[in-house]
Each structure stands twice: as structure tokens, then as C-alpha cells.
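One-letter residues, chain by chain:
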Amino acid sequence: MKRQLLLIFLIVSSLHGVMAQVLTREDSLSAGLIRSNNTTVLSGYGQIKAEYDFRLKTATANLTRNVLFVGHKFSNRIYFFSELELENAKVVGGQPSGEISMEQLFLKFSVNRDMYIQAGLFIPRIGITNENHLPTTFNGNDRPFVETFIIPATWREIGVGLYGRVRSISGFNYSVAIMNGLSSKSFVNGSGIREGRQEGSNATAANLAVTASALYYVKSWRLQMSGYYGGSAGLTPRVADSLQLQSGVFGTPVALGEVDAQYHKNGMAFKALATAVGIPDAYEINRAFANNTPSMMVGYYAELGYNFYQLINPEVHKNLTVFVRQEFMDLNYRVPSNGIKNGINHKNYTVMGLTYQPVNGVIIKMDYVLRKTQPRNEDLIVTPFPQQLPYYTSNGFFNIGLGYSF
């Protein structure tokens, strides 16, 4: 039995680094722990959240998402991965409601023990939460806000990526990928580049993007830096010229960079991330589409938590974590001369709460979120009060939720 456990540990470590974890059946397939060929694997995750708004005295309850994973092992070198996601419980035609989408759908080709290629609709290795976004892997009912609005997790596009490790440098992993770019026409002020994701749905592929990462595991640390550079026009040269935009593979570019660090030892957990987005042609985008695109956005966060089960019984693999996270972002850090600043895009979040995991795969969460911003730019309000709800520069939210993964 000990030899089998050691073998499993060595396999997982060789593919993902010494701090990798096998949390779900999907992880088992990815790590090569499914023995038989022509084997189909079912997995999934989801979460439910109830939120109380202290200012408006209102509450909402929502089935945030439910994701079904179907994978298949064709051979020892070729694997299939897919995730179908339903957001907000249901989809109703012609009405504001949920969304059904493919979160991932790709083939993985194992080149050798140190390298693999994946092609299709996949999530690139950018930031902390983008790849590791299961509700059982992060504290709080909401994913970090910086990794929602600046790094738009979950960010997936169609492309091909190469992943590997450098055996001569223990713990060092890398990735490089090429995929379709963003659509600057769809950028929405206040949500960063999030709405510009094309997510495999009739994506314009005349503009491309490249992304790369360097990931290093050392002792109890996981250190990473990653970047993205890609075009956002995706138009024919004639149409782009008429809008005075740059066409071509990297025309009207968007650049993103981030660095992050995670630490886990003896129940103590720490993570931090800093990121910035540059859009040098924001002036031209605003002139073409009038969507008030900023030329630069910045953000960072840091989180500290402690698992008190380490004091109660270190041998029990349960989670009772108290945590606090501080986040800052400025979604209009720099704006071009034809852009308009809005104080609500200058955000500070303080998130504190409790995470309880009675067994692997089940999570119960409670948290309090304090959001502070600068005053709203009233010139941007089209429908005044009472149609437009009042805005508070300081507001608090209490959340309680459930999550699962299997």
C-alpha cells in the first residue's frame, strides 16, 4: 500500500509539481491516474449562495453555477476533457436569466513524461483562480474580485498550448499558448476586458493572442508569473481602416501581466497577486465603439488564513479556516482623452469569513464583504432616481453558501 501511494505521489508530482492535489475525478484523469484505456470519467462542481445587502436591506439567493465534467481516456497519450456549465439555475428565452456554455472542451496529447499539448477550448494558465476555480479551492463565496474584473476568470478561448516542466530545475513548470484574441467592440466600462472574451462562440480568429507562464514550486511556496498579449480588432483591413483601428494578427493590442505567490504550511495559508492591463489603442477603440475603454487597469490582493483543524487534530484532513482578504483595483487607472473616469471603478474590498470543509469535496462558507469606492460620476447616469437605485460609496454584504466538487 505504501508503495502504491508513493507511486501516485510521484506521478502527480511529475505532472503538476510537488504541491499538486488530486481533488476530483477530473484531476485523476489529468494526472494520468486512470489506468484503463477507453475509460469515461464523470465529475463536476457547483455552488449556491445567499447574499444580504446591508444598505438596500435586500437579499438574494442564487444557484450560482453547476458544472458537469465528462472526460475520456483514449490511450496513455490522448485524453478528452469537457465542462458544460449552467449559471443562475435556468435559461429562459427572451428574458434576462442564466447561461449555458461550454467552459472547456479540449484534447490533451501527452508528448512525454515532461511535456503535453492541449488543443481546443481551454483555460490558459493566468493568475491563481483562472485554472483553479472550483469552489472548494478558494475562500469566500465569490472568487477574488481582482480575478473577476481584471483577470477575467474563467477566461477560456480556442487555441493550442504547450505545458511542461524542466527536470533539471526541480519544481519549475512552464506553459505557452496561442489562441484567438479578444473583441474590443464588446468591452464594457466597469468590467475591464471581461465582456471581450469570445469563449469559443463564433470567435473572430483574424486576431490572435499569445500567453505564457512560469511556475515554480519551492518548499511550501508556489510562485508564478504569467502574461498575455493579443489583438482585439478581429476585423478585415477595410473595416478596420474605416474605423481607424489596427488590423492584423495583433492589431489593436491588449497586454496583461501578473505575478502571484501562495504559501501553505502547518495550517497557515497565504496568497497574493498583482496584475495590470494595458490597452494602448484605447483612444481609437473609444472613437470607434464609444465604450469608454481605459488605457490601463491595475489591481492586487492579499489573503491570510488559518485552518484551526491543525490545532484540533492535525491528522484529520478537514478544513476549518478563518481568513481575511484585502483587494484593490482601479478599472480606470489611466483613461485616454476621450474617456470618462467613474469613481465606482476605484474599488477596495475587505473580505473576511469562515470556510468549513467536513469532507473532501464539500464546502460551507460564510463571509462578510465591505466594499468601498469613490463617488459615482453622475454624468454617466442615464435614468435618474427613482428608476436608478441610490449608490453608496461604502456598503456591506453578508454571504452564506454551499459548494461541492467530485
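What counts and how
- Residues numbered from 1 in each chain as written.
- Predicted model: local features only at pLDDT ≥ 70, side-chain atom pairs only at ≥ 80, totals over all residues.
- Heavy atoms only, no water.
- Helix = DSSP H or I, 4+ residues; strand = E, 2+ residues; numbered from the N terminus.
- Rg over C-alpha atoms; globule rule 2.2 N^0.38 Å.
- Buried < 20%, exposed > 50% of the residue type's maximum accessible area, 1.4 Å probe, protein only.
- Contact = heavy atoms within 4.5 Å.
- Areas by Shrake-Rupley, 256 points an atom, 1.4 Å probe, with all protein chains shown as cover.
- Lys, Arg positive; Asp, Glu negative; His and termini not counted.
- Charge placed at Lys NZ, Arg CZ, Asp CG, Glu CD.
- Arc of directions from axis to C-beta.
- Salt bridge = Lys/Arg side-chain N within 4 Å of Asp/Glu carboxyl O.
- Polar contact = N/O pair within 3.5 Å; in protein donor to acceptor, adjacent residues only side chain to side chain.
- Phe/Tyr/Trp six-rings, centres within 6.5 Å; stacked < 30°, edge-to-face > 60°.
- pLDDT = per-residue confidence, 0-100.
- Pairing = 2+ DSSP bridges.
- Core = buried A, V, L, I, M, F, W, Y, C linked by side-chain atoms within 4.5 Å.

### With respect to the overall build of the protein
Then step 1. The helix and strand tally for the protein stands at 6 helices and 16 strands.
Then step 2. Here the C-alpha radius of gyration of the protein, 22 Å, is about what a compact globule of 406 residues would show, namely 22 Å.
Then step 3. Across its three principal axes, the protein shows a C-alpha extent of roughly 70 × 50 × 45 Å.
Then step 4. Residues classed as buried in the protein amount to 46% of the 406 residues present.
Then step 5. Taking the intrachain contacts of the protein between residues at least 6 apart in sequence as the baseline, contacts between residues at least 24 apart amount to 62%.
Then step 6. Accessible surface for the protein amounts to roughly 19,600 Å². Of this, 61% is attributable to carbon and sulfur atoms.
Then step 7. Measuring between centres, the 36 positive side-chain charges of the protein sit 7 Å from its 28 negative side-chain charges.

### Remarks on helix H5 (residues 282-289)
Then step 1. Along H5, the residues that are buried comprise Ala282, Ile285 and Asn286. Buried positions in H5, seen along its axis, are confined to an arc of 95 degrees and lie on one side of it.
Then step 2. Looking one or two residues beyond H5, the residue adopting positive phi is Ala290, at roughly 55 degrees.

### Some thoughts on the side chain of Gln118
Then step 1. Residue position: Gln118 is located in strand S5 (residues 115-122).
Then step 2. Residue Gln118 is classed as buried on the basis of its relative accessible area of 7%.
Then step 3. The residues touching Gln118, leaving out its near neighbours within four places in the chain, are Phe106, Leu107, Lys108, Gly159, Val160, Gly161 and Tyr163.

### Section: the pattern of salt bridges
Then step 1. Scanning the model with the defined rule gives 12 salt bridges in all.
Then step 2. With a closest N to O distance of 3.2 Å, Arg197 and Glu199 form a salt bridge.
Then step 3. Connected through shared salt-bridge partners, Lys49, Glu51 and Asp142 make up one network.

### Here's the deal with the side chain of Lys73
Then step 1. Summarising the element assignment, Lys73 is placed in strand S2 (residues 58-73).
Then step 2. No salt bridge is formed by the buried Lys73, whose closest oppositely charged neighbour, Asp27, lies at an N-O distance of 16 Å.
Then step 3. In contact with Lys73, not counting residues within four places along its chain, are Leu29, Ile34, Arg35, Ser36, Asn37, Asn38, Thr39, Ile78 and Tyr79.

### Some remarks on the environment of Asn173
Then step 1. One can find Asn173 in strand S7 (residues 172-180).
Then step 2. Of note is the side chain of Asn173, whose polar atom sits 3.2 Å from the backbone oxygen of Gly171.

### As for the packing of aromatic side chains
Then step 1. For the structure shown, the criterion picks out 13 aromatic pairs.
Then step 2. Measuring from centroid to centroid gives 5.9 Å for Phe54 and Tyr368, while their planes differ by 70 degrees, and the two rings are edge-to-face. With a gap of 314 residues between them, Phe54 in the loop between strand S1 (39-53) and S2 and Tyr368 in strand S15 (residues 362-373) connect regions that are remote in the sequence.
Then step 3. Exposure remark for Phe54: the relative accessible area of 37% places this residue in the partly exposed category.
Then step 4. Consider the rings of Tyr300 and Phe328, whose centres lie 5.4 Å apart with planes at 40 degrees: the pair is tilted.

### Some words on the confidence of the model for the protein
Then step 1. When the pLDDT values of the protein are averaged, the result is 92; 94% of them are 70 or greater.
Then step 2. Segment residues 1-20: pLDDT under 50, and 30 contacts once partners within four positions in sequence are set aside and those in other chains are kept.

### Considering the pairing of strand S16 (residues 394-405)
Then step 1. Two elements, S1 and S16, share 9 bridges in a ladder whose sense is antiparallel. Within the sheet, the bridge partner assigned to Lys49 lies in S16 and is Gly401.
Then step 2. Looking at chain direction, S15 and S16 are connected through 11 bridges and run antiparallel. Paired with Arg371 across the bridge in S16 is Asn395.

### A closer look at the environment of Arg334
Then step 1. By the element assignment, Arg334 lies in strand S13 (residues 319-334).
Then step 2. Distance from Arg334 to Ala282, taken between C-alpha atoms, is 9.9 Å for residues 52 residues apart in sequence.
Then step 3. Ignoring sequence-local partners within four residues, the contact set of Arg334 consists of Pro294, Ser295 and Met296.

### Things to note about the nonpolar core
Then step 1. Core analysis: the biggest nonpolar cluster contains 41 residues, and Ile193, Leu256, Val277 and Ile279 have the highest contact counts within it.
Then step 2. Among the elements that make up this core, the one with the highest residue count is S13 (3 residues).

### Focus on the environment of Val324
Then step 1. Mapping Val324 onto the fold places it in strand S13.
Then step 2. Taking the C-alpha atoms as reference, Val324 lies 14 Å from Tyr300; in sequence the two are 24 residues apart.
Then step 3. Here Val324 is in contact with Ala302, Glu303, Leu304, Val351 and Met352, once residues within four sequence places are set aside.

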